[in-house]
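# Examination of the molecular architecture
The chain contents come next:
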Amino acid sequence: MHGVSRKPPTPEEAAKTAAKAEKLSILQSQVLHNHHHNIYSKEAVEVSAKLLEANPEFYTGWNYRKLAVQHNLTQSSSDPDAVNSILDDELRVVERALKQNFKSYGAWHHRKWVISKGHSSVDKELNLLDKLFAVDSRNFHAWTYRRFVAELMNRSENDELEFTERLIKKNFSNYSAWHNRSFLLSNLVKKNVKGFSNKEEVLTRELELVHDAVFTEPKDQSGWFYHLWLLKQTVNIEGPVLVSSWPGPGSDVILLGDSCLENHTASPFNVFQLNSGTFPLILYFNQAVEGVNSLSVTVASKLISNENLIWKPISINNTQVAQVWVTQLSFLDMDLHALEAFPVEVTFGPCQGIISSTGIPYSHPSHLAFTVHVQSVKTGLVEEAVLERISWIDSNFHLCEPHLLESDLVASLDLLSVKKKHELPALTWQEKIIEEEINLFRELSDCKIGKLTLARLLTSRDELVSTEELINSEEILRLYPQLMKLDPTHSQYYKDVNSLVLMRQATSTRESVLSHCFHYRNSTSSSTGYPICLRLNNLSLSRIGSVERLLWVQMLDLSRNELQSIEGLEGMQLLSYLSLSRNKLSSFTALEPLREMKSLKVLDISYNEIGAHSIDTTRYICSSPLSHSVGSEWEQDKTMVDGINMAKYWEAFFVLKGLNLTTLDAVGNAIVDEKFASFLIKILPKLKWLDGVEL
């Protein structure tokens, strides 16, 4: 047991253990000898049986027995009784081994292998499993084996579902039975089996079953996990759906060839600086998909050629499956006139080419239409205006004028989401189920897990009822701080989920978005040279969410929060100015999404904890490809450059190299010293400002 000190063995116990170890060592040596010399005599096989019955974890012993069985079956292939005898002996050896350790991987795999030969009675296997379930009903090896046996016996999944229900009613704490039930139920619904074709009826029945469990034993987690699974089945949309895009549908986008906005009355949220002769088209799906290309997505406009478009998945894992896909629309081959309007139409789905990571094809036909207005731009690249250093102090940011709220200038914000209620299947029964669950679980709001479930239900109702104002956000934001106090062990999880609710609240309506929108204007500049800045600073955010609502953002202030990573930020492909100052970023690993943000020019990561920790523990908490992919890139560069040990900063090299940063603030991090500054200058050739000093 964890936390319980072991008593030292008595001399008698020590002698007994030593004798057993010596016996096993002798048997192991004999089995290895027979294995290496292909000895499959009756005596040799019996030696392996003695070893495996005492130590079922000796995998080589099971491999040896497979070879012995194959050899002896070949010798006795003409005698059915001899074949059955050989295989029955194997089953008996496995049974004795399972008595020693009924969670032995090797023993279960060997039994499955023997049964797969097709000479043994499968009916006896269910009796064996019943005995094992009587000892330990949560043995997941036995449940996996039962699914295998049920398939061989052609037992219906409905019969197996009834079996799980019998065990659950005997013991609500049987997590394995709940898990197997979810597996069976998913298949029955997917196959549209009689009695399981109506998803609403199925979920209602299952909720009644799990209510008995959670209200009878509210402190047991098994039923709660199953309830969470049912909640996901209720609210989740099956298959991929386009939830957002930039430009948004119906929007008017102004592309500028210089930094001056004074002569334009368009919404500042739809203005984009055309510095490279291209601008991005961004598609944001509700789940990761693959197959987005010029064949599955058609872009119609006289500005561009659909065949020449290259779609790129935005993923920090370097895979071809991603939630965010982007392509660059080029204007280099045309003589564009001032504010000339060009309609663009994007069409895709249903299409077999676009499929989710779970293999479900895109089945929601989508059509996006927007208009592009281009300022006078000559053929060729536009010279980028050199702007002075950005200072992120509060006095330089001025709240957007109130009249914007009442005008049509912010109408584009309502068009950012492609996910419209009328485009999706009717949600009335889902809303009804969630509403009933909320009313029911208010009775368990004093219970920690009941309070968490209530928060999840309220969040689900907001997602179902509306894509705009969150009617339950205030109550949700009261529940998670309470959970942090009740359950400090999982306080970071509650803080992360609370942050997601905060971000959705801040971006849910035009009023809430505008309350965080500011003009940047310092003492020497006007606001016309900079995009609107979205300030989500000082909100105690520990996680980034609602990125699908922020695709339009070009300037973002996330300073003075509690971010330990910026996962998700890679979807904001327009982002040019970013402040992450005074967060809890502990290494450059946490900044990996920056690699995908090629528009980024100004970055502030000052006063974090980069370099303060000798071990980057975040890579053990969440996966990172840094340790797997940095090698091939690093070998292309010299380790020592002008006396700088470049390998010392390999994480920074991996994240920052390839970015087009003109301004970087990194002061206040432990890693920063004179050599690190020289390193940054080497890998960022466009850098003009470093820690407030002009280079």
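Here the structure is shown first, and the text comes after it.
Residues numbered from 1 in each chain as written. Predicted model: local features only at pLDDT ≥ 70, side-chain atom pairs only at ≥ 80, totals over all residues. Heavy atoms only, no water.

## Concerning the overall build of the protein chain
Across its full length, the protein chain carries 21 helices and 22 strands. Looking at the protein chain as a whole, 49% of its 695 residues qualify as buried. Residue pairs at least 24 apart in sequence account for 67% of intrachain contacts in the protein chain once pairs closer than 6 positions are excluded. For the protein chain, the exposed area adds up to about 34,200 Å²; of that, 51% sits on carbon and sulfur atoms. (Helix = DSSP H or I, 4+ residues; strand = E, 2+ residues; numbered from the N terminus. Buried < 20%, exposed > 50% of the residue type's maximum accessible area, 1.4 Å probe, protein only. Contact = heavy atoms within 4.5 Å. Areas by Shrake-Rupley, 256 points an atom, 1.4 Å probe, with all protein chains shown as cover.)

## Some words on the sheet that holds strand 3 (residues 271–273)
In space, the five strands of this open sheet follow the order 3-2-11-8-5, with mixed pairing throughout. Each edge of the sheet is formed by a strand with only one pairing partner; in this case those strands are strand 3 and strand 5 (297–300). For this sheet the average axis-to-axis angle between neighbouring strands, irrespective of direction, equals 25°. Strand direction decides the pairing type here: strand 2 (residues 252–256) and strand 3, joined by three bridges, are parallel. If you follow I254 over to strand 3, its bridge partner there is V271. (Pairing = 2+ DSSP bridges. Axes fitted to C-alpha atoms, helices over the stretch in contact; angles between N-to-C directions.)

## Overview of the side chain of E475
Turning to its location among the elements, E475 is positioned in helix 15 (residues 473–486). In terms of polar contacts, E475 uses its side chain to reach the side chain of R442, at 2.6 Å. (Polar contact = N/O pair within 3.5 Å; in protein donor to acceptor, adjacent residues only side chain to side chain.)

## Quick word on the packing of aromatic side chains
Taken as a whole and judged by the stated rule, the model has 25 aromatic pairs. Both rings, one in W143 and one in F163, keep their centres 5.8 Å apart while their planes meet at 55°; by these two values the pair is tilted. With W143 in helix 7 (residues 140–152) and F163 in helix 8 (residues 157–170), the pair connects residues that are 20 residues apart, well separated along the chain. Note on accessibility: W143 and F163 belong to one class, buried. A ring pair is formed by Y493 and Y494, whose centres lie 5.7 Å apart and whose planes are at 65°; its orientation type is edge-to-face. Through successive ring pairs, a cluster of aromatic residues spans W392, F397, Y520, Y530 and Y577. For R147, the ring lying beneath its charged end belongs to F183, and the centroid distance is 4.8 Å. The cationic tip of R535 hangs over the ring face of F397; the distance from NZ or CZ to the ring centre is 4.3 Å. (Phe/Tyr/Trp six-rings, centres within 6.5 Å; stacked < 30°, edge-to-face > 60°. Lys NZ or Arg CZ within 6 Å of the ring centre and 35° of its normal.)

## Examining the pattern of salt bridges
Taken as a whole and assessed by the stated rule, the structure comprises 19 salt bridges. One salt bridge connects R65 with E90, and the closest N-O pair in it is separated by 2.5 Å. Of this pair, R65 sits in helix 3 (residues 59–75) while E90 sits in helix 4 (residues 80–100); the two residues are 25 residues apart in sequence, bridging distant segments of the chain. There is no split in this pair, since R65 and E90 are both buried. Notably, a salt bridge pairs R535 with D557, separated by 2.9 Å at the nearest N-O pair. Taken together, the residues span a long stretch of sequence, with R535 in strand 14 (residues 533–535) and D557 in strand 15 (residues 555–557) at a distance of 22 residues. When sorted by exposure, R535 lands in the same class as D557, which is buried. Bridged by salt links that share partners, the residues E165, K169, R181 and E206 form one connected network. (Salt bridge = Lys/Arg side-chain N within 4 Å of Asp/Glu carboxyl O.)

## Looking at the packing of helix 3 against helix 5 (residues 105–115)
Running from amino to carboxyl end, helix 3 crosses helix 5 at an angle of 15°, the nearest separation of the two axes being 9 Å. Here helix 5 runs roughly parallel to helix 3, going by the angle between their axes. The two elements helix 3 and helix 5 cross, and the hand of that crossing is right-handed. Residue-level contacts link Y59, W62, R65, K66, V69 and Q70 of helix 3 to Y105, G106, A107, H110 and W113 of helix 5. A per-class count over the contact of helix 3 with helix 5 returns six nonpolar, three polar and two charged. (Parallel < 35°, antiparallel > 145°, perpendicular 65-115°, else oblique. Left-handed = near helix turned anticlockwise from the far one by under 90°. Nonpolar A, V, L, I, M, F, W, Y, C, P; charged D, E, K, R; others polar.)

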